[in-house]
Structures are given as C-alpha cells and as structure tokens.
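Below are the chains, spelled out letter by letter.
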Amino acid sequence: MIKKFLKKNSHFIKCSREVSKAIDNNIPLVALESSIISHGMPYPQSLEMAKEIEGIIKDIGAQPATLALLDGKIQVGLDPEVLDAFAKTRSVEKVSSSNLDSTIFSKRAGGTTVSGSLRICKLVSISVFVTGGIGGVHRDVSKSFDVSADLQAIRESEIITVCAGPKTILDISKTYEFLETLSIPVFSYRQKNLPAFWYRDSGLKSTHRVESPEAIAKIYSIAKNLNSSHGLLLCNPIPKKHSLDKTYLEPLISDGVKEIKKTAITGKKLTPSLLNYLVKKTNGKTLESNIEIVKSNAELGARVAKALATL
C-alpha cells in the first residue's frame, strides 16, 4: 500500500535509499522530526545528534525516517549526504501542519515540527513518530490564547507519538486537560504519574499506565480495528539521571517568560526563544537533557514499531 502511494506521488514525495530498502524488506519505520536539527542546536552538534538518534533506532532493528522538505518535495528519510547538507543549511523554514503546503510550493528547505511531521506520517502511513516533548497550552494562555497546533495534530494523526510529555515551559495541567478534551488517549510509560519533559513527574496522575512496547502496540492495533480516528500519546519519562530539579528550574522559566514579554517575540518564535534562554542560564544543562530525552524516546519508539510489525 505504501509503495503504491509513494510511486503515485513521486512528484512531491521522495524516500531516502535506506527508507526505500526498508519498505521493500518490510522493516518498520520510525519517523523523526527535523526542526530539532534545523532549529534545535548548532552545527555540527545537530548532525552528530541526528546520526546518534538514527543509530539507536537501527540498532533495535527499525528504520529511522527523518522528515524534511527540500526542493519542493517531502523527504521521507535523509541520505547521509543530504542529512549533512541539511544540517549545514542556515535558512530553513520551520514547518508545521499549517505551512507545509506553502513551503513545498516555495521550494524552501523546511524543518518539520511535531504537527508538520504528523501530517506527513499520516500521508505516508508511518505509525510511529518520535519527538522530544510536545507543544501545548502556554502559561499565559489567558492573555495570549497561545495553544500549540501539536495537540490538534496528534488528535487527527492516527499515529503513536512517543514523547517525554509536554515541554516543561508550558502550563502542564492545562495541557493535559486539553488532551483529555480532545479525547486523545495519553499513556504514561511504567509509572503512575505523567512526565513533563525535563521533569520525570508532573505531579498529575496518569489516566492510563502501560508497561511495555508490546502493550502499547496491541492497544493501538485495537484502536485501528475499531476505526478510531485519534492519535495516541505515549509519554516516556526522561531518564532519572538527566532529569532537572523543579526548584532549580522553575524560577529560571519564570524569569525567562518575563524577559521575553519585554520583547516583540510571539507565535512560533516564542518557544525556541525561551528554550535558548534556558540553555544559557543552565550552562547547557537543558540542551544536554533534551538530547537524552530524544535518545530514550527513539529507543522506545523503535521497540514499539517492531512490536507493531509482529501483530
């Protein structure tokens, strides 16, 4: 099915050599966003991180499919030379679900966010998507009305999104409430409370707890058989030794929010600006934790994809 679709739409979708080979050999795919490469950290650290994440997925027996936009085409997987060139590119559009079409039209290079990646996953029938943390309801939502497109994208995706929960800089309780409002099944992996990115424990009890990749794969399979049109969110706590202390980080987040309010920064630039502020204030600790989060999620996502392939 996926091979037929890709062939029919080759004028705007291109697979890497390894992804094409994986499809031919029925190796499960794990999708990865590319905005973490284009906007998350500088080169060459971004390239090293991307290669390490892809290596983790390959070692488990799945095939990474990093998603990006290049020369007016959706790239499903990036060949090594393409990945290197993409990581070096300075002018890259940050692509969400809303500007995917216009970026293809403009033929600009695009780094996909969670919502942009999920739209592509649904299009090409990839069932597992791995990211660090998802967007959600911002802390000043009563004034800004800023709610990430990630939440609606997860609902509409029919994909398993593996993450470490909503980003810590958000209003976590409102974000989880919004997920419930959207009827998105949220699962906490091997703990009773939900994680929140840099925090292993948000203090909010999980509605669902799951103990294994096989369990989440079976739940997803049941949902598909029952014609569920909703995506599924699997929240994997950050490894304990890389988690950050709430009493240390919360004052820095509050200060960062106040500093950014003094500027004209809004919209899609708000979260990256606050994350960059925290990288500086923590001497790189938040960035180091980000990388470990994605590595942990990549391992779990690959195991879920393999479990799905056996059903």
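Source: prediction; values computed, not measured.

The rules behind these values
Residues numbered from 1 in each chain as written. Predicted model: local features only at pLDDT ≥ 70, side-chain atom pairs only at ≥ 80, totals over all residues. Heavy atoms only, no water. Buried < 20%, exposed > 50% of the residue type's maximum accessible area, 1.4 Å probe, protein only. Helix = DSSP H or I, 4+ residues; strand = E, 2+ residues; numbered from the N terminus. Arc of directions from axis to C-beta. Contact = heavy atoms within 4.5 Å. Salt bridge = Lys/Arg side-chain N within 4 Å of Asp/Glu carboxyl O. Core = buried A, V, L, I, M, F, W, Y, C linked by side-chain atoms within 4.5 Å.

1. So, helix 5 (residues 80-88)
Then, number 1: If you check which residues of helix 5 are buried, you get Leu-83, Phe-86 and Ala-87. Viewed end-on, helix 5 has its buried residues packed into an arc of 95 degrees, placing them on one side of the element.
Then, number 2: Where helix 5 is buried, its residues contact helix 3 (35-38), helix 4 (45-60), strand 3 (63-70) and strand 6 (110-112).

2. Describing the pattern of salt bridges
Then, number 1: Tallying each qualifying case throughout the model produces 14 salt bridges.
Then, number 2: The residue Glu-81 makes a salt bridge to Arg-17 at a minimum N-O spacing of 3.1 Å. With Glu-81 in helix 5 and Arg-17 in helix 2 (residues 17-24), this pair connects stretches of sequence that are 64 residues apart.
Then, number 3: Classification of Glu-81 by relative accessible area gives partly exposed; the value is 44%.

3. Remarks on the nonpolar core
Then, number 1: Counting residues in each nonpolar core, the largest one holds 60 residues, and the members touching the most others are Val-76, Trp-198 and Leu-233.
Then, number 2: Look past the residues within four positions of Val-76 in its chain and what remains in contact with it is Ile-13, Lys-14, Cys-15, Ser-16, Val-19, Ala-65, Thr-66, Leu-67, Val-124 and Ile-126.
Then, number 3: Within the second largest apolar cluster, 42 residues are counted, among which are Ile-37, Ala-62, Leu-78 and Ala-217.

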